[in-house]
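# Architecture at a glance
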Amino acid sequence: MKTIHVVAAVICDAFDKKQKIFATAKGYGEFKGKWEFPGGKVEPGEIPQQALVREIQEELATKIRVGDLITTIEFDYPQFHLSMDCFWCEVEEGKLKLLEAEDAKWLTKDALYSVSWLPADMTLIAEIEKQMKQR
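Notes on the structure in this doc start here. Note that the structure is a prediction, hence the values are computed from the model and not measured. As a convention, each chain's residues are numbered from 1 in the sequence order in which they are written. Confidence filtering applies because this is a predicted model: local features only for residues at pLDDT of at least 70, side-chain atom pairs given and counted only at 80 or more, and all residues used for totals across whole chains, interfaces and linings. Hydrogens and water are ignored here; the side-chain numbers use all heavy atoms of the structure.

### What about the overall build of the chain?
Numbering of helices and strands runs from the N terminus, with a helix taken as a DSSP run of H or I at least four residues long and a strand as a DSSP run of E at least two residues long. Within the chain, the regular secondary structure consists of two helices and seven strands. Ordered by position from N to C terminus, the α and β elements of the chain give β-β-β-β-α-β-β-β-α. We compute the radius of gyration over the C-alpha atoms and compare it with the globule rule, which gives 2.2 Å times the number of residues raised to the power 0.38. Its C-alpha atoms give the chain a radius of gyration of 14 Å, within 12% of the compact-globule value 14 Å for 135 residues. Across its three principal axes, the chain shows a C-alpha extent of roughly 45 × 30 × 25 Å. Relative to its full complement of 135 residues, the chain shows a buried share of 43%. For this analysis, residues touch if any pair of their heavy atoms sits within 4.5 Å. Intrachain contacts of the chain at a sequence separation of at least 6 include 68% that bridge at least 24 residues. The cut-offs for exposure are 20% and 50% of the maximum accessible area for each residue type, with area from a 1.4 Å probe on protein chains only; residues under the lower value are buried, those over the upper are exposed, and the others partly exposed.

Have a look at this one:
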């Protein structure tokens, strides 16, 4: 089975707060309308953090600061195996502008399960919930 290496940005309001996270709804493809953390494929020669900065610039026209690795998700979809490095991120410069997604939301800890996540992203929610701060 083919493995696809991707990165995901769990963009929070601030590294020291982590009261809200940013999620997007896919605007195309088989999973259109499902919610995910923005990001994309790691290109040859890139380290995951570089790929994440590039992908968020392409998808959201925003410069981010990449923080700690949350976890790496290994997930089997029917057509491929997904290896997804998930990092805490915060906006460094600019405003989040949807260039590819059809919708976006800032979710509090209490609202993490209020959207229909992509299967691989859903496996990350419990860990994010643990690391988010209470108000």
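### With respect to the state of the cysteines
Counting rule for disulfides: a pair of cysteine sulfur atoms within 2.5 Å. Within this structure, the stated rule accounts for zero disulfides. Residue Cys12 stays outside any disulfide, its sulfur separated by 7.9 Å from that of Cys89, the closest cysteine. Lacking any disulfide linkage, Cys86 is separated from the closest cysteine sulfur, that of Cys89, by 10.0 Å. On the accessibility criterion, Cys86 (0% relative accessible area) is buried.

### Remarks on the packing of aromatic side chains
For Phe, Tyr and Trp, rings pair up if their centres lie within 6.5 Å, where Trp contributes its six-membered ring, and each pair is then called stacked (planes under 30 degrees apart), edge-to-face (over 60) or tilted (otherwise). Overall, the coordinates contain five aromatic pairs when judged by the stated rule. For a ring to carry a charge above it, either NZ of a lysine or CZ of an arginine must fall within 6 Å of the ring centroid while also lying within 35 degrees of the normal to the ring plane. One residue, Lys18, lies across the ring of Trp88, its end atom 4.8 Å from the ring centre. The ring of Trp106 has Lys20 lying over it, and the distance from NZ or CZ to the ring centre is 5.6 Å.

### A short note on the pattern of salt bridges
Here, a salt bridge means any side-chain nitrogen of Lys or Arg that lies within 4 Å of a carboxyl oxygen of Asp or Glu. In total, this model carries seven salt bridges according to the counting rule given. The closest approach of N and O atoms between Lys63 and Glu92, which form a salt bridge, is 3.9 Å. Remark: Glu92 occurs in strand E6 (residues 81-93) and Lys63 occurs in strand E5 (residues 63-76); sequence separation between them is 29 residues. Note on Glu92: relative accessible area 37%, which makes it partly exposed.

### Overview of the pairing of strand E1 (residues 3-12)
With eight of ten residues buried, E1 lies mostly within the body of the structure. Bridging between E1 and E6 involves nine bridges; their strand directions are parallel. Its bridge partner being in E6, Thr3 is matched across the sheet by His81. Any two strands with at least two DSSP bridges between them are considered paired. Judged from the three bridges that link them, E1 and strand E4 (residues 39-41) form a sheet pairing that is antiparallel. If you follow Val7 over to E4, its bridge partner there is Gly40. Here E1 pairs with strand E2 (residues 20-25) via two bridges, running antiparallel. Paired with Ile11 across the bridge in E2 is Phe22.

None of this, on its own, says anything about what the molecule does.
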